[in-house]
Amino acid sequence: MKTLDTIRQEFSPLTQDIIYFDSGASTLTPNSVVEAMDAYYTQYRSNIHRGIYAWSQQSTDKYELARLKVAQFIQANQVEEIIFTRGTTDSINMIAELLINTFQKGQNIIIPVTEHHSNMLPWRELAQRQELEIRYAGLRDEILDIEELMGHIDENTALVVIGHVSNVLGSIHPIQEIAHKAHSVGALCVVDGAQSVAHIPISVSELGVDAYAFSGHKVYGSTGVGVLWVKYELLQTLTPSRTGGDMVSYVTLDTVEYAPIPQRFEAGTPPIAEVIGLSKAIDWLQEIGWDTIQEHEKKLIDYMWGQISLRPWIHVLGGDKTMSRIGCFAFTIQGIHTHDIAHMLAQHNVCVRAGQHCASGIAETLDIVGSTRITFGLYNTVEEIDICMQALDSIYKTFN
Ligand code: PMP
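Because the structure is a prediction, the values reported are computed rather than measured.

Caption draft 1: Representation of the sheet that holds strand S7 (residues 157-163) within the structure. Judged by pairing direction, the sheet is mixed, and its seven strands sit side by side in the order S2-S10-S9-S8-S7-S3-S4 without closing on themselves. The strands lining the two open edges of the sheet, one partner per strand, are strand S2 (82-85) and strand S4 (133-137). Put simply, the sheet's adjacent strands are angled 20° from each other on average, direction ignored. Taken together, the four bridges between S2 and strand S10 (residues 226-230) define a ladder with antiparallel strand orientation. Considered in S10, the bridge of Ile 82 is made with Trp 229. Along the sheet face, helix H3 (residues 54-73) touches S2, strand S9 (211-215) and S10 and points at about 115° away from the line of S2. Contacting S2, strand S8 (188-192), S9 and S10, helix H4 (residues 88-99) crosses the sheet at an angle of about 155° to S9.

Caption draft 2: Region of the structure containing helix H2 (residues 31-43). The end-to-end C-alpha separation of H2 is 17 Å, in line with the 18 Å expected for 13 residues at 1.5 Å each. Within the span of H2, buried status applies to Val 33, Ala 36, Met 37, Ala 39 and Tyr 40. Axial view of H2: buried residues confined to an arc of 150°, hence all on one face. Exposed side of H2, more than 90 degrees from the buried face: Glu 35, Thr 42 and Gln 43 are the residues found there. Residues of H2 that are buried make contact with H3 and helix H10 (272-288).

Caption draft 3: Structural context of the site of the ligand. Near the ligand the following residues occur: Thr 88, Thr 89, His 116, Ser 118, Asn 167, Asp 192, Ala 194, Gln 195, Ser 215, His 217 and Lys 218. Taking Asp 192, its side chain carries an N or O atom lying 2.5 Å from a nitrogen atom of the ligand. His 217 has a polar side-chain atom sitting 2.6 Å from an oxygen atom of the ligand. For the ligand, whose accessible area on its own is 400 Å², the fraction buried by protein is 84%. Split by residue class, the shell around the ligand holds one nonpolar, eight polar and two charged.

Caption draft 4: Spotlight on the pairing of S9. The buried fraction of S9 amounts to five of the five residues, a majority that puts the element mostly inside the structure. Residues Ala 211, Ala 213 and Ser 215 line one face of S9 and the alternating positions Tyr 212 and Phe 214 line the opposite face, and both faces are buried.

Caption draft 5: Representation of the packing of H2 against H10 within the structure. The N-to-C vectors of H2 and H10 enclose an angle of 145°; their axes lie 8 Å apart at closest approach. The handedness of the crossing between H2 and H10 comes out as right-handed. Only Ile 272, Ala 273, Glu 274, Ile 276, Gly 277, Lys 280, Ala 281 and Trp 284 of H10 make contact with H2, whose side of the interface consists of Ser 32, Val 33, Ala 36, Met 37, Tyr 40 and Tyr 41. By residue class, the composition of the contact of H2 with H10 is ten nonpolar, two polar and two charged.

Caption draft 6: Quick peek at the pattern of salt bridges. Here the structure, examined in full by the defined rule, presents 16 salt bridges. Note that Lys 105 is salt-bridged to Glu 131, the shortest N-O span being 3.6 Å. Of this pair, Lys 105 sits in the loop between H4 and strand S3 (108-112) while Glu 131 sits in the loop between helix H5 (121-130) and S4, and the two are 26 residues apart along the sequence. Residue class for Lys 105 comes out exposed when judged on its relative accessible area of 62%. The partner of Arg 140 in a salt bridge is Glu 147, with the nearest N and O atoms 3.7 Å apart. If you follow the salt bridges from partner to partner, you end up with Glu 64, Arg 67 and Glu 266 in one network.

Thresholds applied
- Residues numbered from 1 in each chain as written.
- Predicted model: local features only at pLDDT ≥ 70, side-chain atom pairs only at ≥ 80, totals over all residues.
- Heavy atoms only, no water.
- Pairing = 2+ DSSP bridges.
- Helix = DSSP H or I, 4+ residues; strand = E, 2+ residues; numbered from the N terminus.
- Axes fitted to C-alpha atoms, helices over the stretch in contact; angles between N-to-C directions.
- Contact = heavy atoms within 4.5 Å.
- Expected span 1.5 Å × (residues − 1).
- Buried < 20%, exposed > 50% of the residue type's maximum accessible area, 1.4 Å probe, protein only.
- Arc of directions from axis to C-beta.
- Near = heavy atom within 4 Å.
- Polar contact = N/O pair within 3.5 Å; in protein donor to acceptor, adjacent residues only side chain to side chain.
- Areas by Shrake-Rupley, 256 points an atom, 1.4 Å probe, with all protein chains shown as cover.
- Nonpolar A, V, L, I, M, F, W, Y, C, P; charged D, E, K, R; others polar.
- Left-handed = near helix turned anticlockwise from the far one by under 90°.
- Salt bridge = Lys/Arg side-chain N within 4 Å of Asp/Glu carboxyl O.

As structure tokens, this is what we get:
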């Protein structure tokens, strides 16, 4: 069984004197994932679905096995529901493109102000084109006001979009209830899972949503690959928005027959090595197991709260300790600019993110310039939290 020590040894960058508290932006990649991608490049590098030689067959097999792994990982009902993309942003843009003609003028779309720009701007663009009303759900006590969101849903609602977990507040949203309410008025529910997949077990079928998006690089895989899961019944009604090679069965100069689902939604050469890497990352996570993952994360979260409560000058956004959350703490310190905090932490070899975290609706609503964000990965330790806190103490002293 993997222990925390052995887990750390699997990440080459961690041999450096660095505390990496920015896994919310991108997790580090275990060596086994790098090796799987390397093996593709050094042993059987070839395109998929096309060649009838062994290398291409091997690439195709690994690629399609990855689809199966992803389907099992998020408990999809059918492997065909998995579409590989370039990342969450790409997945959400794609589902917005696919859905555009299903909406009509006068309908409304619900968007929480907490959304990452990736799950806000594609929908704003769509709303503008189809003349849909946008209804923003705001904050209460610095977290998403679920009651307000639910109250916005009515018979004219076409779509509710929501992040499973806020990338700033770390809050886990009640997706099942929201999807249920959306469906009760005939609306769809599309979920941004960028911040959830590495932290909580996902069952898209249990959540009861219509589409779910996430990125490989936030779940210990590489950059450049993502997943768009769409419920099969919905997928069957959609026409590909992107056309080109590999998504067709038959083409003449006058006619085209698209390939079966899901291939018809994957035009062009996909990120093959990255998909193979994602498959390995899922193996890696599953080897550790959700119990260990969640136990470790809870330990870090509890320790973090303990340290923060000793420092009343740290204000955690959405700082309700009882809230269901992942290891993501965005905070402000009065009188010190968020970028100064991050810059000074970097001088102590602590990597954090500062600013609005591509979710400017939160900063705008709270009327703050931004926040400094600490996010945990499986490799982080309480000792690292101690070092970070001592660094924050010295930063605070410098300004006071
Ligand atoms: N949504 C959320 C909640 C995110 O945290 C991120 C990454 N910061 C994205 C979407 C976009 O992911 P990507 O950049 O991998 O497309």
